[in-house]
Amino acid sequence: MKVLKFGGTSVGTPASLRNVKKIVEGCDEQVIVVVSALGGITDQLINTARLASQGDMTYLQTYAAIVERHINVIEEVVVAESKAQVKAKVNSLFEELGNIFWAICLLRDLSDRTMDMVVSFGERLSSVIISKMIADCRYFYSPEFIVTQNQFGKHILDNEETTIRIHETFDGAEFKSAIVPGFISTDRNGDITNLGRGGSDYTASILAAVLNADILEIWTDVDGFMTADPRIVKNAYVMDHMTFAEAMELCNFGAKVIYPPTLYPVYHKNISIKVKNTFNYEAPGTLISATSVSTSGQSELRGLSYIREISLVKFICDSSDDIQGLSERIFNALAKSGIGILLVDKALRIALKSADAKLASEVLIREFSSELRNGLLKEIALQEGLSLVAVVGNHISQNSSIFRNISEALDKEGCHVYAHNSGSADTNISVVVAKEEMESALISIHSRLFE
Ligand code: ADP
Ligand code: ASP
Ligand code: MG
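Residues numbered from 1 in each chain as written. Chains lettered and ligands numbered in written order. Predicted model: local features only at pLDDT ≥ 70, side-chain atom pairs only at ≥ 80, totals over all residues. Heavy atoms only, no water.

Asker: Break down the overall build of the protein chain for me, citing the residues and quoting the values.
Answerer: When you go through the protein chain residue by residue, the secondary structure sums to 14 helices and 18 strands. The C-alpha atoms of the protein chain give a radius of gyration of 24 Å, which matches the 22 Å a tight globule of 451 residues would have. When its C-alpha atoms are laid out on the principal axes, the protein chain stretches across 75 × 60 × 40 Å. Of all 451 residues assigned to the protein chain, the portion counted as buried reaches 52%. Across the protein chain, contacts joining residues at least 24 apart in sequence account for 75% of those joining residues at least 6 apart. Across the protein chain, the 42 positively charged side chains and the 56 negatively charged ones have centroids separated by 2 Å. (Helix = DSSP H or I, 4+ residues; strand = E, 2+ residues; numbered from the N terminus. Rg over C-alpha atoms; globule rule 2.2 N^0.38 Å. Buried < 20%, exposed > 50% of the residue type's maximum accessible area, 1.4 Å probe, protein only. Contact = heavy atoms within 4.5 Å. Lys, Arg positive; Asp, Glu negative; His and termini not counted. Charge placed at Lys NZ, Arg CZ, Asp CG, Glu CD.)

Following this line, the structure appears as C-alpha coordinates:
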(Lines give C-alpha, C1' and ligand atoms only; values in the text may rest on other atoms or scores of the structure.)
(Ligands and ions follow the chains in the order given, each with its own letter.)
Protein backbone atom coordinates (compact mmCIF):
# COMPACT_ATOMS: atom_id res chain seq x y z
CA MET A 1 0.00 0.00 0.00
CA LYS A 2 1.16 3.53 -0.80
CA VAL A 3 0.17 6.89 0.66
CA LEU A 4 0.05 9.76 -1.82
CA LYS A 5 -0.33 13.38 -0.80
CA PHE A 6 -1.33 16.08 -3.26
CA GLY A 7 -0.67 19.69 -2.24
CA GLY A 8 -2.65 22.85 -2.97
CA THR A 9 -1.24 23.57 -6.41
CA SER A 10 -1.69 19.92 -7.43
CA VAL A 11 -5.40 20.20 -6.69
CA GLY A 12 -5.68 23.89 -7.55
CA THR A 13 -7.14 23.86 -11.05
CA PRO A 14 -9.20 21.57 -13.29
CA ALA A 15 -6.08 20.86 -15.38
CA SER A 16 -3.96 19.85 -12.38
CA LEU A 17 -6.83 17.75 -10.99
CA ARG A 18 -6.88 15.80 -14.24
CA ASN A 19 -3.23 14.92 -13.60
CA VAL A 20 -4.10 13.83 -10.06
CA LYS A 21 -6.82 11.56 -11.44
CA LYS A 22 -4.42 10.03 -13.94
CA ILE A 23 -1.72 9.43 -11.30
CA VAL A 24 -4.09 7.89 -8.74
CA GLU A 25 -6.03 5.74 -11.18
CA GLY A 26 -2.75 4.60 -12.72
CA CYS A 27 -1.56 3.00 -9.45
CA ASP A 28 -1.74 -0.78 -9.47
CA GLU A 29 -1.70 -1.21 -5.72
CA GLN A 30 -4.02 0.05 -3.01
CA VAL A 31 -3.53 3.75 -2.25
CA ILE A 32 -4.49 6.28 0.38
CA VAL A 33 -4.73 9.74 -1.19
CA VAL A 34 -4.40 12.72 1.13
CA VAL A 35 -5.45 16.04 -0.37
CA SER A 36 -4.93 19.69 0.54
CA ALA A 37 -7.36 22.53 0.00
CA LEU A 38 -7.40 24.02 -3.52
CA GLY A 39 -4.26 26.17 -3.78
CA GLY A 40 -4.64 29.55 -2.06
CA ILE A 41 -8.02 28.71 -0.46
CA THR A 42 -6.71 28.42 3.12
CA ASP A 43 -5.30 31.96 2.89
CA GLN A 44 -8.57 33.21 1.38
CA LEU A 45 -10.60 31.61 4.18
CA ILE A 46 -8.38 33.31 6.78
CA ASN A 47 -8.60 36.62 5.00
CA THR A 48 -12.40 36.42 4.67
CA ALA A 49 -12.79 35.59 8.37
CA ARG A 50 -10.61 38.59 9.30
CA LEU A 51 -12.65 40.94 7.10
CA ALA A 52 -15.87 39.64 8.64
CA SER A 53 -14.51 40.11 12.15
CA GLN A 54 -13.80 43.76 11.33
CA GLY A 55 -17.34 44.21 10.08
CA ASP A 56 -15.96 44.80 6.59
CA MET A 57 -18.77 43.69 4.28
CA THR A 58 -16.35 43.06 1.40
CA TYR A 59 -16.01 39.69 3.11
CA LEU A 60 -19.10 38.74 1.10
CA GLN A 61 -17.14 39.22 -2.11
CA THR A 62 -14.13 37.17 -1.04
CA TYR A 63 -16.52 34.49 0.22
CA ALA A 64 -18.36 34.53 -3.13
CA ALA A 65 -15.02 34.09 -4.95
CA ILE A 66 -14.28 30.98 -2.85
CA VAL A 67 -17.70 29.54 -3.69
CA GLU A 68 -17.31 30.29 -7.39
CA ARG A 69 -13.89 28.67 -7.60
CA HIS A 70 -15.20 25.39 -6.17
CA ILE A 71 -18.32 25.36 -8.31
CA ASN A 72 -16.18 25.97 -11.38
CA VAL A 73 -13.93 23.04 -10.50
CA ILE A 74 -16.96 20.76 -10.05
CA GLU A 75 -18.30 21.82 -13.44
CA GLU A 76 -14.98 21.00 -15.07
CA VAL A 77 -13.86 17.78 -13.42
CA VAL A 78 -16.81 15.86 -12.01
CA VAL A 79 -18.63 13.49 -14.37
CA ALA A 80 -22.18 14.54 -15.29
CA GLU A 81 -23.96 11.83 -13.30
CA SER A 82 -22.25 12.80 -10.02
CA LYS A 83 -22.47 16.58 -10.39
CA ALA A 84 -25.82 17.10 -8.67
CA GLN A 85 -24.76 14.98 -5.70
CA VAL A 86 -21.44 16.80 -5.23
CA LYS A 87 -23.04 20.19 -5.64
CA ALA A 88 -25.63 19.36 -2.99
CA LYS A 89 -22.91 18.34 -0.53
CA VAL A 90 -20.69 21.32 -1.37
CA ASN A 91 -23.63 23.73 -1.15
CA SER A 92 -24.50 22.48 2.31
CA LEU A 93 -20.88 23.02 3.39
CA PHE A 94 -21.02 26.54 1.94
CA GLU A 95 -24.27 27.26 3.75
CA GLU A 96 -22.59 26.31 7.03
CA LEU A 97 -19.49 28.39 6.16
CA GLY A 98 -21.59 31.41 5.15
CA ASN A 99 -23.41 31.24 8.50
CA ILE A 100 -20.10 31.09 10.37
CA PHE A 101 -18.78 34.17 8.53
CA TRP A 102 -22.05 35.99 9.26
CA ALA A 103 -21.81 35.09 12.96
CA ILE A 104 -18.20 36.34 13.04
CA CYS A 105 -19.35 39.58 11.43
CA LEU A 106 -22.26 40.08 13.82
CA LEU A 107 -20.18 39.36 16.91
CA ARG A 108 -17.01 41.07 15.62
CA ASP A 109 -15.27 38.18 17.27
CA LEU A 110 -12.83 35.67 15.85
CA SER A 111 -11.43 33.21 18.39
CA ASP A 112 -8.73 30.67 17.55
CA ARG A 113 -11.37 27.97 17.83
CA THR A 114 -13.57 29.69 15.27
CA MET A 115 -10.61 30.21 12.95
CA ASP A 116 -9.84 26.48 13.18
CA MET A 117 -13.42 25.80 12.14
CA VAL A 118 -13.17 28.26 9.22
CA VAL A 119 -9.90 26.89 7.79
CA SER A 120 -11.17 23.30 7.97
CA PHE A 121 -13.54 24.03 5.09
CA GLY A 122 -10.68 24.14 2.57
CA GLU A 123 -9.86 20.44 2.91
CA ARG A 124 -13.47 19.43 3.59
CA LEU A 125 -14.51 20.93 0.26
CA SER A 126 -11.56 19.75 -1.83
CA SER A 127 -11.71 16.18 -0.54
CA VAL A 128 -15.44 15.84 -1.23
CA ILE A 129 -14.95 17.07 -4.81
CA ILE A 130 -11.93 14.88 -5.46
CA SER A 131 -13.69 11.82 -4.07
CA LYS A 132 -16.30 12.25 -6.78
CA MET A 133 -13.67 12.55 -9.46
CA ILE A 134 -11.56 9.45 -8.86
CA ALA A 135 -12.91 6.11 -10.04
CA ASP A 136 -13.37 3.30 -7.54
CA CYS A 137 -12.58 5.31 -4.40
CA ARG A 138 -13.91 5.55 -0.87
CA TYR A 139 -14.04 8.64 1.36
CA PHE A 140 -12.54 8.74 4.88
CA TYR A 141 -13.01 11.86 7.03
CA SER A 142 -9.73 12.58 8.84
CA PRO A 143 -11.13 14.40 11.93
CA GLU A 144 -12.59 11.03 12.90
CA PHE A 145 -9.11 9.54 13.29
CA ILE A 146 -6.47 12.32 13.45
CA VAL A 147 -6.62 13.59 17.02
CA THR A 148 -4.73 16.51 18.56
CA GLN A 149 -4.03 17.73 22.07
CA ASN A 150 -3.06 21.18 23.26
CA GLN A 151 0.51 22.05 24.21
CA PHE A 152 1.83 25.59 24.68
CA GLY A 153 -1.33 26.87 22.98
CA LYS A 154 -0.67 24.76 19.87
CA HIS A 155 -2.37 21.66 18.56
CA ILE A 156 0.00 18.74 18.60
CA LEU A 157 -0.70 15.17 17.60
CA ASP A 158 -2.27 12.87 20.17
CA ASN A 159 -0.27 9.92 18.98
CA GLU A 160 -1.85 7.23 21.07
CA GLU A 161 -5.47 8.05 20.31
CA THR A 162 -4.70 8.68 16.63
CA THR A 163 -3.01 5.30 16.25
CA ILE A 164 -5.98 3.49 17.80
CA ARG A 165 -8.48 5.32 15.64
CA ILE A 166 -6.55 4.86 12.39
CA HIS A 167 -6.47 1.11 13.02
CA GLU A 168 -10.19 1.09 13.85
CA THR A 169 -10.93 2.96 10.63
CA PHE A 170 -8.64 1.25 8.15
CA ASP A 171 -7.91 -2.27 9.37
CA GLY A 172 -9.94 -4.58 7.18
CA ALA A 173 -11.52 -1.69 5.25
CA GLU A 174 -11.95 -2.47 1.58
CA PHE A 175 -11.01 0.07 -1.05
CA LYS A 176 -8.84 0.57 -4.09
CA SER A 177 -8.24 4.27 -3.41
CA ALA A 178 -9.09 6.04 -0.15
CA ILE A 179 -9.56 9.82 -0.30
CA VAL A 180 -8.66 11.65 2.92
CA PRO A 181 -8.67 15.39 3.65
CA GLY A 182 -5.24 16.48 4.91
CA PHE A 183 -4.49 19.07 7.62
CA ILE A 184 -7.73 18.75 9.63
CA SER A 185 -8.22 16.89 12.90
CA THR A 186 -10.25 17.00 16.12
CA ASP A 187 -9.36 17.23 19.78
CA ARG A 188 -10.78 14.88 22.39
CA ASN A 189 -13.69 17.31 22.99
CA GLY A 190 -14.70 16.81 19.39
CA ASP A 191 -13.76 20.36 18.35
CA ILE A 192 -12.26 20.69 14.90
CA THR A 193 -8.51 21.45 14.93
CA ASN A 194 -5.64 21.16 12.48
CA LEU A 195 -2.01 20.12 12.24
CA GLY A 196 -0.66 23.60 11.36
CA ARG A 197 -0.07 25.34 8.04
CA GLY A 198 1.28 22.88 5.50
CA GLY A 199 -0.05 20.06 7.69
CA SER A 200 -1.45 17.83 4.93
CA ASP A 201 2.03 16.37 4.49
CA TYR A 202 1.90 15.37 8.15
CA THR A 203 -1.55 13.73 7.82
CA ALA A 204 -0.13 11.58 5.02
CA SER A 205 2.96 10.66 6.99
CA ILE A 206 0.95 9.66 10.08
CA LEU A 207 -1.24 7.38 7.97
CA ALA A 208 1.76 5.90 6.17
CA ALA A 209 3.50 5.15 9.46
CA VAL A 210 0.54 3.69 11.37
CA LEU A 211 -0.55 1.54 8.43
CA ASN A 212 2.99 0.50 7.45
CA ALA A 213 2.78 1.80 3.90
CA ASP A 214 5.48 0.80 1.43
CA ILE A 215 6.19 4.42 0.58
CA LEU A 216 4.95 7.97 1.16
CA GLU A 217 4.74 10.06 -2.00
CA ILE A 218 4.55 13.84 -1.66
CA TRP A 219 3.20 15.20 -4.96
CA THR A 220 3.86 18.90 -5.43
CA ASP A 221 4.68 21.49 -8.11
CA VAL A 222 8.47 21.06 -8.45
CA ASP A 223 10.56 18.11 -9.70
CA GLY A 224 11.83 17.19 -6.23
CA PHE A 225 13.72 18.44 -3.21
CA MET A 226 16.07 21.08 -4.56
CA THR A 227 19.35 22.58 -3.42
CA ALA A 228 17.49 25.81 -2.54
CA ASP A 229 14.11 27.46 -2.88
CA PRO A 230 13.74 27.76 -6.68
CA ARG A 231 11.60 30.89 -6.32
CA ILE A 232 14.68 32.73 -5.05
CA VAL A 233 17.62 30.78 -6.43
CA LYS A 234 17.02 30.31 -10.15
CA ASN A 235 19.94 27.88 -10.51
CA ALA A 236 18.73 25.53 -7.77
CA TYR A 237 18.58 21.90 -8.93
CA VAL A 238 16.94 18.66 -7.79
CA MET A 239 18.77 16.27 -5.46
CA ASP A 240 18.15 12.62 -6.44
CA HIS A 241 18.52 11.38 -2.92
CA MET A 242 18.69 12.56 0.67
CA THR A 243 18.66 10.91 4.07
CA PHE A 244 15.90 11.62 6.59
CA ALA A 245 18.40 13.50 8.72
CA GLU A 246 19.45 15.75 5.86
CA ALA A 247 15.86 16.45 4.79
CA MET A 248 14.90 17.11 8.42
CA GLU A 249 17.68 19.64 8.80
CA LEU A 250 16.70 21.45 5.58
CA CYS A 251 13.00 21.48 6.52
CA ASN A 252 13.60 22.63 10.09
CA PHE A 253 15.51 25.56 8.62
CA GLY A 254 12.60 26.49 6.39
CA ALA A 255 12.59 24.40 3.18
CA LYS A 256 8.88 24.66 2.48
CA VAL A 257 8.67 21.58 0.28
CA ILE A 258 7.89 19.32 3.27
CA TYR A 259 6.24 20.36 6.54
CA PRO A 260 8.89 19.51 9.19
CA PRO A 261 6.92 17.20 11.55
CA THR A 262 6.15 14.99 8.52
CA LEU A 263 9.55 13.38 8.59
CA TYR A 264 9.37 11.84 12.06
CA PRO A 265 6.57 9.24 11.77
CA VAL A 266 7.93 7.70 8.56
CA TYR A 267 11.52 7.96 9.73
CA HIS A 268 10.70 5.88 12.82
CA LYS A 269 9.11 3.19 10.65
CA ASN A 270 11.84 3.44 8.01
CA ILE A 271 9.30 4.20 5.28
CA SER A 272 10.88 6.16 2.43
CA ILE A 273 9.48 9.38 1.01
CA LYS A 274 9.42 10.27 -2.66
CA VAL A 275 8.93 13.92 -3.63
CA LYS A 276 7.32 14.04 -7.08
CA ASN A 277 5.94 16.61 -9.49
CA THR A 278 2.21 16.38 -10.36
CA PHE A 279 2.90 18.49 -13.46
CA ASN A 280 5.84 16.37 -14.66
CA TYR A 281 5.16 12.89 -13.37
CA GLU A 282 7.81 11.27 -15.54
CA ALA A 283 10.57 13.09 -13.59
CA PRO A 284 12.25 10.71 -11.12
CA GLY A 285 11.83 13.03 -8.10
CA THR A 286 13.79 12.87 -4.86
CA LEU A 287 14.02 9.78 -2.69
CA ILE A 288 14.35 10.40 1.05
CA SER A 289 15.44 7.29 2.92
CA ALA A 290 17.43 6.10 5.91
CA THR A 291 20.68 5.23 4.22
CA SER A 292 22.94 7.50 2.33
CA VAL A 293 23.54 6.44 -1.26
CA SER A 294 26.09 9.12 -1.97
CA THR A 295 28.75 7.91 -4.34
CA SER A 296 32.37 8.86 -4.03
CA GLY A 297 32.90 12.24 -5.54
CA GLN A 298 29.43 13.45 -4.52
CA SER A 299 29.69 16.51 -2.39
CA GLU A 300 28.67 16.26 1.25
CA LEU A 301 26.69 19.48 0.83
CA ARG A 302 22.93 18.97 0.58
CA GLY A 303 21.25 22.33 0.28
CA LEU A 304 20.44 25.80 1.49
CA SER A 305 17.44 26.84 3.56
CA TYR A 306 16.29 30.09 5.06
CA ILE A 307 13.94 31.46 7.68
CA ARG A 308 12.83 34.92 6.70
CA GLU A 309 11.67 36.30 10.04
CA ILE A 310 14.02 35.73 12.91
CA SER A 311 15.18 37.70 15.94
CA LEU A 312 18.32 37.63 18.06
CA VAL A 313 18.19 37.63 21.83
CA LYS A 314 21.48 39.04 23.14
CA PHE A 315 22.92 38.67 26.62
CA ILE A 316 24.84 41.83 27.40
CA CYS A 317 27.30 41.51 30.27
CA ASP A 318 30.98 42.06 31.12
CA SER A 319 31.72 38.39 31.65
CA SER A 320 29.34 35.50 31.16
CA ASP A 321 31.67 33.31 33.27
CA ASP A 322 30.24 34.98 36.40
CA ILE A 323 26.75 33.67 35.75
CA GLN A 324 26.21 30.15 37.07
CA GLY A 325 24.99 27.57 34.55
CA LEU A 326 24.12 30.23 32.00
CA SER A 327 23.71 28.10 28.84
CA GLU A 328 21.86 25.35 30.63
CA ARG A 329 19.43 27.82 32.19
CA ILE A 330 18.77 29.46 28.82
CA PHE A 331 18.07 26.11 27.13
CA ASN A 332 15.85 24.87 29.97
CA ALA A 333 13.83 28.06 30.31
CA LEU A 334 13.11 28.23 26.57
CA ALA A 335 12.40 24.51 26.24
CA LYS A 336 9.87 24.67 29.09
CA SER A 337 7.93 27.27 27.11
CA GLY A 338 8.10 25.23 23.91
CA ILE A 339 10.46 27.68 22.17
CA GLY A 340 12.95 26.22 19.68
CA ILE A 341 16.44 27.68 19.40
CA LEU A 342 17.79 28.01 15.87
CA LEU A 343 21.33 29.01 16.69
CA VAL A 344 23.48 30.11 19.61
CA ASP A 345 26.83 31.70 18.94
CA LYS A 346 29.90 32.03 21.10
CA ALA A 347 28.87 35.49 22.29
CA LEU A 348 25.55 34.03 23.53
CA ARG A 349 23.41 35.52 20.81
CA ILE A 350 20.38 33.29 20.37
CA ALA A 351 18.46 33.16 17.12
CA LEU A 352 14.74 32.35 17.33
CA LYS A 353 11.74 32.60 15.04
CA SER A 354 10.34 36.14 15.33
CA ALA A 355 6.97 34.73 16.35
CA ASP A 356 8.65 33.32 19.50
CA ALA A 357 10.84 36.34 20.29
CA LYS A 358 8.55 38.28 22.61
CA LEU A 359 7.75 35.27 24.77
CA ALA A 360 11.43 34.24 24.76
CA SER A 361 12.51 37.67 26.06
CA GLU A 362 9.90 37.55 28.81
CA VAL A 363 10.88 34.04 29.85
CA LEU A 364 14.59 34.88 29.92
CA ILE A 365 14.13 38.17 31.76
CA ARG A 366 12.17 36.23 34.40
CA GLU A 367 14.79 33.46 34.60
CA PHE A 368 17.67 35.94 35.01
CA SER A 369 15.83 38.55 37.08
CA SER A 370 18.29 38.38 39.98
CA GLU A 371 21.35 38.73 37.68
CA LEU A 372 19.67 41.69 35.97
CA ARG A 373 19.01 43.27 39.38
CA ASN A 374 22.50 42.75 40.75
CA GLY A 375 24.18 43.92 37.54
CA LEU A 376 25.90 40.66 36.55
CA LEU A 377 23.76 40.97 33.44
CA LYS A 378 23.39 44.46 31.99
CA GLU A 379 20.56 43.69 29.61
CA ILE A 380 18.77 40.99 27.65
CA ALA A 381 18.27 42.78 24.35
CA LEU A 382 16.19 41.86 21.33
CA GLN A 383 17.25 42.57 17.75
CA GLU A 384 14.62 42.15 15.05
CA GLY A 385 14.43 42.43 11.27
CA LEU A 386 16.81 39.54 10.63
CA SER A 387 16.84 36.34 8.57
CA LEU A 388 18.71 33.09 8.90
CA VAL A 389 20.43 31.22 6.08
CA ALA A 390 21.49 27.62 6.72
CA VAL A 391 23.90 25.56 4.64
CA VAL A 392 23.13 21.89 5.28
CA GLY A 393 25.61 19.09 4.71
CA ASN A 394 27.41 16.23 6.39
CA HIS A 395 30.47 16.74 8.60
CA ILE A 396 30.28 20.35 7.58
CA SER A 397 32.21 21.69 10.56
CA GLN A 398 35.22 19.51 9.65
CA ASN A 399 35.68 21.27 6.36
CA SER A 400 36.92 24.79 7.09
CA SER A 401 36.83 25.77 3.43
CA ILE A 402 33.01 25.71 3.51
CA PHE A 403 32.74 28.47 6.09
CA ARG A 404 35.46 30.40 4.29
CA ASN A 405 33.46 30.17 1.05
CA ILE A 406 30.28 31.30 2.80
CA SER A 407 32.09 34.29 4.31
CA GLU A 408 33.61 35.25 0.97
CA ALA A 409 30.24 34.93 -0.79
CA LEU A 410 28.64 37.20 1.83
CA ASP A 411 31.52 39.68 1.71
CA LYS A 412 31.13 39.91 -2.03
CA GLU A 413 27.50 41.00 -1.57
CA GLY A 414 28.42 43.31 1.30
CA CYS A 415 26.17 41.31 3.69
CA HIS A 416 26.89 41.82 7.37
CA VAL A 417 26.78 38.65 9.53
CA TYR A 418 25.10 39.29 12.90
CA ALA A 419 25.71 35.79 14.27
CA HIS A 420 26.87 32.39 13.04
CA ASN A 421 27.34 28.91 14.43
CA SER A 422 30.33 27.78 12.42
CA GLY A 423 32.14 24.93 14.11
CA SER A 424 29.47 24.07 16.65
CA ALA A 425 27.18 21.88 14.53
CA ASP A 426 28.18 19.03 12.27
CA THR A 427 25.13 19.19 10.02
CA ASN A 428 24.69 22.88 9.26
CA ILE A 429 26.40 26.24 9.14
CA SER A 430 23.90 29.01 9.80
CA VAL A 431 24.39 32.73 9.44
CA VAL A 432 22.14 35.57 10.55
CA VAL A 433 21.84 38.47 8.11
CA ALA A 434 19.60 41.51 7.68
CA LYS A 435 16.20 40.55 6.30
CA GLU A 436 16.61 42.69 3.19
CA GLU A 437 19.93 41.00 2.38
CA MET A 438 18.70 37.43 2.79
CA GLU A 439 17.88 36.75 -0.87
CA SER A 440 21.18 38.06 -2.21
CA ALA A 441 22.99 36.07 0.50
CA LEU A 442 21.21 32.88 -0.61
CA ILE A 443 21.94 33.42 -4.29
CA SER A 444 25.56 34.25 -3.63
CA ILE A 445 26.21 31.29 -1.30
CA HIS A 446 24.43 28.93 -3.70
CA SER A 447 26.49 30.11 -6.61
CA ARG A 448 29.73 29.56 -4.71
CA LEU A 449 28.96 26.21 -3.07
CA PHE A 450 26.49 24.46 -5.35
CA GLU A 451 27.06 25.62 -8.91
P1 ADP B 1 2.24 21.99 -1.77
O2 ADP B 1 1.11 22.92 -2.06
O3 ADP B 1 2.37 20.91 -2.79
O4 ADP B 1 2.25 21.49 -0.36
P5 ADP B 1 4.32 23.86 -1.07
O6 ADP B 1 4.12 25.22 -1.64
O7 ADP B 1 4.01 23.64 0.36
O8 ADP B 1 3.55 22.84 -2.01
O9 ADP B 1 5.84 23.37 -1.32
C10 ADP B 1 6.36 23.33 -2.63
C11 ADP B 1 7.12 24.60 -2.89
O12 ADP B 1 8.20 24.69 -1.98
C13 ADP B 1 7.77 24.68 -4.24
O14 ADP B 1 6.89 25.22 -5.19
C15 ADP B 1 8.98 25.56 -4.00
O16 ADP B 1 8.73 26.85 -4.47
C17 ADP B 1 9.14 25.63 -2.49
N18 ADP B 1 10.46 25.23 -2.01
C19 ADP B 1 11.17 25.88 -1.06
N20 ADP B 1 12.33 25.29 -0.83
C21 ADP B 1 12.41 24.24 -1.67
C22 ADP B 1 13.40 23.23 -1.90
N23 ADP B 1 14.53 23.20 -1.22
N24 ADP B 1 13.12 22.30 -2.82
C25 ADP B 1 11.97 22.32 -3.51
N26 ADP B 1 11.01 23.25 -3.33
C27 ADP B 1 11.21 24.19 -2.42
N1 ASP C 1 -4.35 23.83 3.31
C2 ASP C 1 -3.41 23.90 4.42
C3 ASP C 1 -2.48 25.07 4.22
O4 ASP C 1 -2.59 25.78 3.24
C5 ASP C 1 -2.66 22.62 4.62
C6 ASP C 1 -1.78 22.16 3.46
O7 ASP C 1 -1.95 22.64 2.35
O8 ASP C 1 -0.94 21.29 3.69
O9 ASP C 1 -1.66 25.31 5.07
MG1 MG D 1 3.09 22.15 1.49
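That shown, we press on.
Asker: So what's going on with helix H6 (residues 159-170)? Residues and values would help.
Answerer: Helical periodicity: at 3.6 residues per turn, an α-helix aligns residues three or four positions apart in one direction. The terminal C-alpha atoms of H6, which comprises 12 residues, lie 16 Å apart, in line with the 16 Å expected from a rise of 1.5 Å per residue. Turning to H6, its buried residues number three or more, namely Glu161, Thr162, Ile166 and Phe170. One side of H6 carries all its buried residues, which in axial view fall inside an arc of 135°. Across from the buried face of H6, at angles greater than 90 degrees, the exposed residues are Glu160 and Glu168. (Expected span 1.5 Å × (residues − 1). Arc of directions from axis to C-beta.)

Asker: Can you lay out the sheet that holds strand S14 (residues 343-344) for me, pointing to particular residues and giving the numbers?
Answerer: Pairing is antiparallel across the open sheet formed by 6 strands, whose spatial order is S14-S15-S13-S16-S18-S17. At either margin of the open sheet sits one strand with a lone partner, and together these are S14 and strand S17 (419-420). Of the strand pairs in this sheet, S14 and strand S15 (residues 349-353) are connected by 2 bridges, and their pairing is antiparallel. The partner of Val344 across the bridge, within S15, is Ile350. (Pairing = 2+ DSSP bridges.)

Asker: Kindly report on the site of ligand 1, identifying the contributing residues and their values.
Answerer: Taken together, 17 residues sit near ligand 1, with Thr220, Asp221, Met226, Arg231 and Lys256 positioned nearest. A distance of 2.7 Å separates an oxygen atom of ligand 1 from a polar atom in the side chain of Asp221. At 2.9 Å, a side-chain N or O of Lys256 approaches an oxygen atom of ligand 1. For ligand 1, the protein covers 89% of the area, taking 570 Å² as the surface of the free molecule. Residue classes in the shell around ligand 1 are distributed as 7 nonpolar, 5 polar and 5 charged. (Near = heavy atom within 4 Å. Polar contact = N/O pair within 3.5 Å; in protein donor to acceptor, adjacent residues only side chain to side chain. Areas by Shrake-Rupley, 256 points an atom, 1.4 Å probe, with all protein chains shown as cover. Nonpolar A, V, L, I, M, F, W, Y, C, P; charged D, E, K, R; others polar.)

Asker: For the pattern of salt bridges, give the residues involved together with the corresponding values.
Answerer: Scanning all chains against the criterion turns up 22 salt bridges. Where Glu367 meets Arg329, a salt bridge forms, and the shortest distance between an N and an O atom there is 2.8 Å. Placement of the pair is Glu367 in helix H11 (residues 354-367) and Arg329 in helix H10 (residues 326-336), with a sequence separation of 38 residues. Between Arg329 and Glu371 there is a salt bridge, and its shortest N-O distance comes to 2.8 Å. Here Arg329 is found in helix H10, whereas its partner Glu371 is found in helix H12 (residues 369-374), with 42 residues between them in sequence. Glu371 gets classed as buried once you look at its relative accessible area, which sits at 9%. Taken together, the salt bridges that share partners define one network made up of Asp158, Glu161, Arg165 and Arg188. (Salt bridge = Lys/Arg side-chain N within 4 Å of Asp/Glu carboxyl O.)

Asker: Any chance you could break down the site of ligand 2 for me, citing the residues and the numbers?
Answerer: In the vicinity of ligand 2, the residues found are Ser36, Ala37, Thr42, Glu123, Phe183, Arg197, Gly198, Gly199 and Ser200. Here Arg197 contributes a side-chain N or O atom positioned 2.7 Å from an oxygen atom of ligand 2. Measuring from an oxygen atom of ligand 2, one finds a backbone N or O atom of Ser200 at 3.0 Å. If ligand 2 stood free it would expose 260 Å²; the protein chains cover 87% of that surface. In terms of residue class, the shell around ligand 2 is made up of 2 nonpolar, 5 polar and 2 charged.

Asker: Give me the side chain of Ser120: which residues, what numbers.
Answerer: Relative to the elements of secondary structure, Ser120 occurs in helix H5 (residues 112-131). Aside from chain neighbours lying at most four places away, what touches Ser120 is Ile184 and Ile192.

Asker: Tell me about the sheet that holds strand S6 (residues 177-181), residues and numbers included.
Answerer: The 8 strands are arranged S3-S6-S2-S1-S9-S11-S12-S10 in an open sheet whose pairing can be described as mixed. Each end of this open sheet is capped by a strand with a single partner; those strands are strand S3 (137-139) and strand S10 (241-243). The mean angle between the axes of side-by-side strands here comes to 20°, regardless of whether they run parallel or antiparallel. The pairing of strand S1 (residues 2-6) with strand S9 (residues 215-220) spans 5 bridges and is parallel. Among the inter-strand pairings, Lys2 is bridged to a residue of S9, identified as Ile215. Of the strands in this sheet, S10, strand S11 (272-277) and strand S12 (286-289) are in contact with helix H8 (residues 244-252), which crosses S10 at around 85°. (Axes fitted to C-alpha atoms, helices over the stretch in contact; angles between N-to-C directions.)

Asker: Before we move on, could you go through the packing of aromatic side chains and cite the residues and values that matter?
Answerer: Per the stated rule, a full pass over the model turns up 11 aromatic pairs. Taking 5.3 Å as the distance between ring centres and 85° as the angle between the ring planes, the aromatic pair formed by Phe315 and Phe368 counts as edge-to-face. Note that Phe315 is positioned in strand S13 (residues 301-316) and Phe368 in the loop between H11 and H12, a separation of 53 residues in sequence. Using a relative accessible area of 0% as the deciding quantity, one classes Phe368 as buried. Within the aromatic cluster, the residues linked to one another by ring pairs are Tyr59, Tyr63, Phe94 and Phe101. Above the plane of the ring of Phe121 lies Arg124, whose end atom (NZ or CZ) is 4.4 Å from the centre. (Phe/Tyr/Trp six-rings, centres within 6.5 Å; stacked < 30°, edge-to-face > 60°. Lys NZ or Arg CZ within 6 Å of the ring centre and 35° of its normal.)

Asker: Give me the lowdown on a nonpolar patch on the surface, citing residues and values where you can.
Answerer: Together, Met57, Leu60, Trp102, Leu106 and Leu107 make up a nonpolar patch on the protein surface, roughly 530 Å² of accessible area in all. Here Leu60 is to be found in helix H3 (residues 59-77). (Patch = residues over 30% accessible without salt bridge, like charges linked within 9 Å, V, L, I, M, F, W, Y side chains within 5 Å.)

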